[in-house]
Amino acid sequence: MAEQSYTFRIQRNRVTEGGRLESRWQEYQVKVNPNATVLSALEEIKGGQDGSLTFRQSCRSAICGSCAMRISGRTRLACKTHVGIAARDGVVTLAPQANQPVLKDLAIDIGPFFKRIHTIRPFLEEGPETATQVGKTAYDHVNQVSQCIMCGCCYSDCTMAEVSPEYIGPAALAKAFRFVSDPREGKKSDRLRQLSDPHMMWACSRCTMCVDVCPKDVKPMEAIVKLRTRGIAKGYTDGAAQKHALAFHEDIKKSGDLNEFTLMMRTLGLIGTLKETGSALHLMKKGKIPSPFPHQAKGVDQLNKVFNLLEQNPLDVETKAPEIVPE
Ligand code: SF4
Ligand code: SF4
Ligand code: FES
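What this report covers is the structure whose coordinates are included nearby. Note that the coordinates shown come from a computational prediction; the quantities given were computed from them, not determined experimentally.

Cut-off values and rules
Residues numbered from 1 in each chain as written. Chains lettered and ligands numbered in written order. Predicted model: local features only at pLDDT ≥ 70, side-chain atom pairs only at ≥ 80, totals over all residues. Heavy atoms only, no water. Core = buried A, V, L, I, M, F, W, Y, C linked by side-chain atoms within 4.5 Å. Buried < 20%, exposed > 50% of the residue type's maximum accessible area, 1.4 Å probe, protein only. Helix = DSSP H or I, 4+ residues; strand = E, 2+ residues; numbered from the N terminus. Contact = heavy atoms within 4.5 Å. Near = heavy atom within 4 Å. Nonpolar A, V, L, I, M, F, W, Y, C, P; charged D, E, K, R; others polar. 1 Å grid on protein atoms, 1.4 Å probe; cavity = no way out; pocket = protein on both sides within 12 Å on 5 of 7 lines; lining within 4 Å. Sits in = over half its atoms within 2 Å of the grid points. Phe/Tyr/Trp six-rings, centres within 6.5 Å; stacked < 30°, edge-to-face > 60°. Lys NZ or Arg CZ within 6 Å of the ring centre and 35° of its normal. Pairing = 2+ DSSP bridges. Points joined across faces, edges and corners; volume = space filled by probe spheres on them.

Right, let's talk about the nonpolar core for a bit. In terms of nonpolar packing, the biggest core is built from 33 residues, with Ile 120, Tyr 167, Ile 168, Leu 173, Leu 195, Met 201 and Leu 227 touching the most fellow members. Those elements that provide at least two residues to this core are helix 3 (111-119), helix 5 (153-157), helix 7 (170-181), helix 8 (188-195), helix 9 (209-213) and helix 10 (220-233). Ranked by the residues each element gives to this core, the list is headed by helix 7, at 7 residues. Each residue touching Leu 227, except ones within four places of it in the same chain, is listed here: Leu 173, Ala 176, Phe 177, Val 180, Leu 192, Leu 195 and Met 201. In this structure, Ala 41, Ile 45, Leu 53 and Ala 78 belong to the second largest nonpolar core, which totals 32 residues.

A few words on the site of ligand 2. Residues in contact with ligand 2, as listed here, are Cys 148, Ile 149, Met 150, Cys 151, Gly 152, Cys 153, Cys 154, Ala 171, Cys 214, Pro 215, Val 218 and Pro 220. For the shell around ligand 2, a count of residues per class yields 11 nonpolar, 1 polar and no charged.

Lining the immediate environment of ligand 1, one finds 14 residues, of which Cys 158, Tyr 167, Cys 204, Cys 207 and Cys 210 sit closest. At a threshold of 2 Å from the grid points, most atoms of ligand 1 map onto the second largest cavity. Sorting the residues of the shell around ligand 1 by element identifies helix 6 (159-163), helix 9 and helix 10 as the ones contributing at least two each. Each residue belonging to the shell around ligand 1 can be placed in one class, and the counts come to 10 nonpolar, 3 polar and 1 charged.

This part is about the packing of aromatic side chains. In this structure the tally under the stated criterion is 2 aromatic pairs. On the basis of an interplanar angle of 90° and a centroid distance of 5.3 Å, the ring pair of Phe 113 and Phe 114 is categorised as edge-to-face. Plain terms: the ring middles of Phe 113 and Tyr 155 are 6.3 Å apart, the flat faces sit at 65° to each other, and that makes the pair edge-to-face. You can see Phe 113 sitting in helix 3 and its partner Tyr 155 sitting in helix 5, a full 42 residues away along the chain. What links up through ring pairs into an aromatic cluster is the set Phe 113, Phe 114 and Tyr 155. One residue, Arg 9, lies across the ring of Trp 25, its end atom 4.5 Å from the ring centre. Geometry around Phe 179 places Arg 178 over its ring, the cationic atom sitting 4.5 Å from the centre.

With 4 bridges connecting them, strand 3 (residues 68-71) and strand 4 (residues 74-77) associate as antiparallel partners. By the bridge assignment for strand 4, Ala 68 is matched with Leu 77. Connecting strand 3 to the next strand, strand 4, in antiparallel fashion are 2 residues, including Ser 72 with a positive phi near 45°. As judged from the 2 bridges shared by strand 3 and strand 5 (residues 91-95), these two strands associate in the antiparallel manner. Each residue of the ladder has a partner; that of Ile 71, found in strand 5, is Leu 94.

This brings us to empty space enclosed by the protein. For the structure on display, the rule yields 3 cavities of 30 Å³ or more. In this model, the largest cavity occupies a volume close to 110 Å³. Around the largest cavity sit 13 residues that line it, and Cys 148, Cys 151, Cys 154, Cys 214 and Val 218 are the ones nearest its centre. Across the lining of the largest cavity, the residue classes tally to 11 nonpolar, 1 polar and 1 charged. By volume, the second largest cavity amounts to about 80 Å³. Forming the boundary of the second largest cavity are 14 residues, of which Cys 158, Tyr 167, Cys 204, Cys 207 and Cys 210 lie nearest the centre. Secondary structure elements with two or more residues in the lining of the second largest cavity: helix 6, helix 9 and helix 10.

The computed volume of the second largest pocket comes to approximately 460 Å³. Forming the walls of the second largest pocket are 17 residues, and the residues nearest its centre are Glu 260, Phe 261, Met 264, Ala 280 and Ile 289. A total of 7 residues in the lining of the second largest pocket trace back to one element, the largest contributor, which is helix 12 (residues 260-275). Within the lining of the second largest pocket, the residues separate by chemical class into 10 nonpolar, 4 polar and 3 charged.

Right, here's the structure in full:
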């Protein structure tokens, strides 16, 4: 394929002596093959036009995770993304990862990201729950999340991390799932109890962004949903999110419809519900208070059959269809 001209619109960042982040956009014209990687175009700019441009890179092979940055709106690996695919009308926009402190230009401080990983104790621990047999399913689970290269793409594009900096984030939770699933791990229950705390697995909004952006197909959200199922099975159901999920499940199973009138009470309890009186009055004024009388959906007997089948044959959530490999 012939070389083409592209505009690289790059966010230049600098931390002032007072610790303030100053940002501006700078454009560079580069002639490259559309199949060239964004990383090679960046090297071309740095080598031929502007040696002050700062970014991280190491392996150039989608292994080390260091070149993750926002490329035309999504966080991706610069060494794995082709310029022709990233360009929008001939323009490639580059910015540092979101939700992380910026050091300079496209380079971020990876310290806080790894602090989150350390929170979940990323190592096997001896304890009473250690098993000696490793089954195929456990092997598959451990294997899937072990592909993680700690690039931070998922954390950068996570919608919850954006609004709640305390949220532990998808990469740490995927890593936690690796240990909860490993038969050799001795403290699985202890881990699930820790993961049931606020800002851990129940804080995820299940937006699927982490599944979309992960360059290694780790599917963090899938791991989070599996962790939640295991946490509930262990009886760690004290939090509002767990109570909400259980109340939701109970209503749908019983009547095929939500009893929104009692849902809040079952989720937040009496005191929590009273605190929401202001919102309830606001809804009442708008005529949006749900009926206090439970409603039974048509065909609820069919729904019950589905519930019974699922209870007898539990399924693990899948967020993506398995890849079909041509024969
Ligand atoms: S699914 Fe959850 S963890 Fe993944 S990006 Fe969305 S909020 Fe974040
Ligand atoms: S889960 Fe995927 S996107 Fe997140 S850090 Fe690991 S490899 Fe990167
Ligand atoms: S340079 Fe290592 S993943 Fe891109």
